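Spelled out from the first residue to the last, the chains are:
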Amino acid sequence: MAPIDESITLKRKQVIASALVKHLSLDPGTSLGVSGKDDIMSLYTKILKSSGKPFLQKENEEVMKWIEFAESFPVDCQACLDALTGFNQDLAQKSILLGNGTTPSDADVIVFSVIHSSVIGLSHLEREKLTHVMRWMDYIQHKEEFAHLFEKILLKKPAFEFLKKVTENKEAVPEKKKPSEKERAEKDKELSVSLLNIQVGLIRKASKHPSADSLLVEEIDVGDAKLRQVVSGLAKYCSPDELTNRRVVLITNVKPGKLRDVMSEGLVLCASNEDHSVVEPLLPPEGAKIGERVSFSGIDGKPEDVLNPKKKQLEKITLNLFTDDKGVATFKGIPFMTSGGPCTSSIPKASIK
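Report follows, based on the coordinates. (Residues numbered from 1 in each chain as written. Predicted model: local features only at pLDDT ≥ 70, side-chain atom pairs only at ≥ 80, totals over all residues. Heavy atoms only, no water.)

A word on the packing of helix α4 (residues 77–90) against helix α5 (residues 106–120). Interhelical geometry of α4 versus α5 gives an angle of 130 degrees and a closest axis separation of 11 Å. The orientation of α4 relative to α5 falls into the category oblique. Considering the relative orientation of α4 and α5, their crossing is left-handed. Seen from α4, the contacting residues are Cys80, Leu84 and Phe87; seen from α5, they are Val111, Ile115, Ser118 and Val119. Residues belonging to the contact of α4 with α5 are distributed by class as follows: 6 nonpolar, 1 polar and no charged. (Axes fitted to C-alpha atoms, helices over the stretch in contact; angles between N-to-C directions. Helix = DSSP H or I, 4+ residues; strand = E, 2+ residues; numbered from the N terminus. Parallel < 35°, antiparallel > 145°, perpendicular 65-115°, else oblique. Left-handed = near helix turned anticlockwise from the far one by under 90°. Contact = heavy atoms within 4.5 Å. Nonpolar A, V, L, I, M, F, W, Y, C, P; charged D, E, K, R; others polar.)

What follows concerns the sheet that holds strand β1 (residues 198–208). The strand order β3-β2-β1-β4-β7 describes an open sheet built from 5 strands, whose pairing is antiparallel. At either margin of the open sheet sits one strand with a lone partner, and together these are β3 (228–232) and β7 (267–268). Note: strand β2 (residues 216–221) against β3, 5 bridges, orientation antiparallel. Note that in β3 the partner of Leu216 across the bridge is Ser232. (Pairing = 2+ DSSP bridges.)

With that settled, the discussion passes to the pattern of salt bridges. Overall, the coordinates contain 4 salt bridges when judged by the stated rule. Among the ionic pairs, Asp221 bridges to Arg204, the shortest N-O distance being 2.8 Å. Placement of the pair is Asp221 in strand β2 and Arg204 in strand β1, with a sequence separation of 17 residues. Note that Arg228 is salt-bridged to Asp224, the shortest N-O span being 3.9 Å. (Salt bridge = Lys/Arg side-chain N within 4 Å of Asp/Glu carboxyl O.)

With that out of the way, let us pick up the packing of aromatic side chains. Tallied over the entire structure, the rule returns 11 aromatic pairs. Here Phe87 and Trp136 contribute two aromatic rings whose centre-to-centre distance is 5.2 Å and whose plane-to-plane angle is 90 degrees, an arrangement assigned as edge-to-face. With Phe87 in helix α4 and Trp136 in helix α7 (residues 131–143), this pair connects stretches of sequence that are 49 residues apart. The class of Phe87 is buried, set by a relative accessible area of 0%. A centroid spacing of 5.1 Å and a plane angle of 90 degrees characterise the contact between Phe112 and Phe150, whose relative ring orientation is edge-to-face. A residue pair is termed long-range when its members are at least 10 positions apart, and Phe112 in helix α5 and Phe150 in the loop between α7 and α8 (158–168) qualify at 38 residues. As far as burial versus exposure is concerned, Phe112 and Phe150 are alike and both buried. (Phe/Tyr/Trp six-rings, centres within 6.5 Å; stacked < 30°, edge-to-face > 60°. Buried < 20%, exposed > 50% of the residue type's maximum accessible area, 1.4 Å probe, protein only.)

The next subject is the nonpolar core. Ranked by internal contacts, the top residues of the largest apolar core, which has 46 residues, are Phe87, Ile115, Val119 and Trp136. Put simply, the parts of the chain that give this core at least two residues each are α1 (2–23), α2 (40–51), α3 (57–71), α4, α5 and α7. With residues near it in sequence (within four places) discarded, Ile115 still touches Phe69, Phe73, Leu84, Phe87, Val133, Trp136 and Met137. Judged by nonpolar contacts, the second largest core, of 25 residues, contains Ala271, Ala288, Cys343 and Ile347. (Core = buried A, V, L, I, M, F, W, Y, C linked by side-chain atoms within 4.5 Å.)

Mapped onto the elements of the fold, Gln141 is located in helix α7. Note on Gln141: relative accessible area 12%, which makes it buried. In this structure, Gln141 is in contact with Phe112, Lys152 and Ile153, ignoring residues within four places of it in sequence.

Moving on to the environment of Tyr237. Mapped onto the elements, Tyr237 comes out in the loop between β3 and α10 (240–243). Under the relative-accessibility criterion, Tyr237 is labelled partly exposed at 22%. Here the alpha-carbon distance between Tyr237 and Val278, two residues 41 residues apart in the chain, equals 7.1 Å. At 3.2 Å, the side chain of Tyr237 forms a polar contact with the backbone oxygen of His276. (Polar contact = N/O pair within 3.5 Å; in protein donor to acceptor, adjacent residues only side chain to side chain.)

To continue, consider α7. Between its first and last C-alpha, α7 extends 19 Å over 13 residues, near the 18 Å set by a 1.5 Å rise per residue. Among the residues of α7, those classed as buried are His132, Val133, Met134, Trp136, Met137, Asp138, Ile140 and Gln141. (Expected span 1.5 Å × (residues − 1).)

Let us now look at unusual backbone geometry. Backbone geometry places Arg260, a non-glycine residue, at a positive phi of 50 degrees. With respect to the element layout, Arg260 can be found in the loop between β5 (257–259) and β6 (262–264).

Moving on, we get to the pairing of strand β4 (residues 247–251). Of all 5 residues that make up β4, 5 are buried, and the element is covered over most of its length. Alternating residues of β4 divide into Arg247, Val249 and Ile251 and Val248 and Leu250, and every residue in both groups is buried.

By the bridge criterion, 5 bridges tie β1 to β4 in an arrangement that is antiparallel. Note on β4: the bridge partner recorded for Gln199 is Leu250. With 6 bridges connecting them, β1 and β2 associate as antiparallel partners. Across the sheet, residue Lys208 finds its bridge partner in β2, namely Leu216.

Next comes the structure, spelled out in C-alpha cells:
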C-alpha cells in the first residue's frame, strides 16, 4: 500500500508544480525537478523564487495554513470525503481562500490541484452536499487556464448553469429595469442589520484550537445559562490571555457549524485595517449589559431565528459595517449602540466582519 500512496503524493506534487507554473506565468519548460522528497512548501518556495514574486511574510503565513491542509489531504476515498466536508464549511463565507475575492491566490491553486482528482471521483449526490466546494472549484477553473492540466468539472445543477451563462454573457444582457421604490424598500428590508442578533458578550475563557494554528476557541457569556462556544480566526492577532475576560460583540444567530472539528455557535465581530495586518474584536462600553442586543437608531425589526447561509444575508450586510474616523462601529453610518454607549475600535475607517 505504501508505494501506491507515494505514487499518488508524487503525482500531486507534479500537478501542483505545473499549475503554479501556469498561474505565475512561468515558462512551461521551467525545470523544477520535482521528487518524492520535496514537501509542498519547499516546492512552492522553489517555484516562487523562480517567478521573482516577492516573498511577503504575512501573505505566506496564510498560504502556509492551506499548504498544511494540502499536505495532509488524505488518499483514502472516505477520508477524502470527510476532509472535503470540513473544507466545505471553511468556504461557507469565502469566495476564494485568500485575497480580495477577484483573483485566485497561490493557496487556491495549490488546494485546487490537490483535491481535484478526489472531487472528479465523487458521485452527483456527494457533490450536491458540497455546495461551497463546487462553487469555489467552478470559479477557479473559469479564472485559471487549466484546460490541459485538469479535466473540467461539469456542474449539473441549474443554479450553477444559470450563474455560468450570466457570467459568460454579461455584455449581452439587456439593461435591467430600475426597481420601484417599493421594490427598493423590500430589498433594503432583506439586507437590514436588524436581521442579525448582535449581542454584548464577555469571554470567560479562550484557548488555542486543537488542530488549527490560526484559530482560537472562546467560551462567551451572553447572559444564558450555558456559555456559548465560538471559534475565531484571531490566533495571529490576539493571545488567549488577551481575550480572556474581554468584552466583545458577537452575532449569535448564525447557523452553528464545525470549524476544523470544533463546534462554533456565533461570530465575534472584528475590525481590521485595509491590508488585514491589524485585526481586533469590537469593544462594547463598560456600561453595556452582558447579553443585551446592540441597536441601531431608526432601524427596527426582529432578528432571524437562524440566518440562512443560502441567502448570503450575513455577507451582504457586513459590506455595510465599518468604523468611522473616530473608531465608532456603524452600519451605513449608524452607530452600534448599547445601554452604555456605542461600540468602538482603536482602528478608524476599518471594515467589520
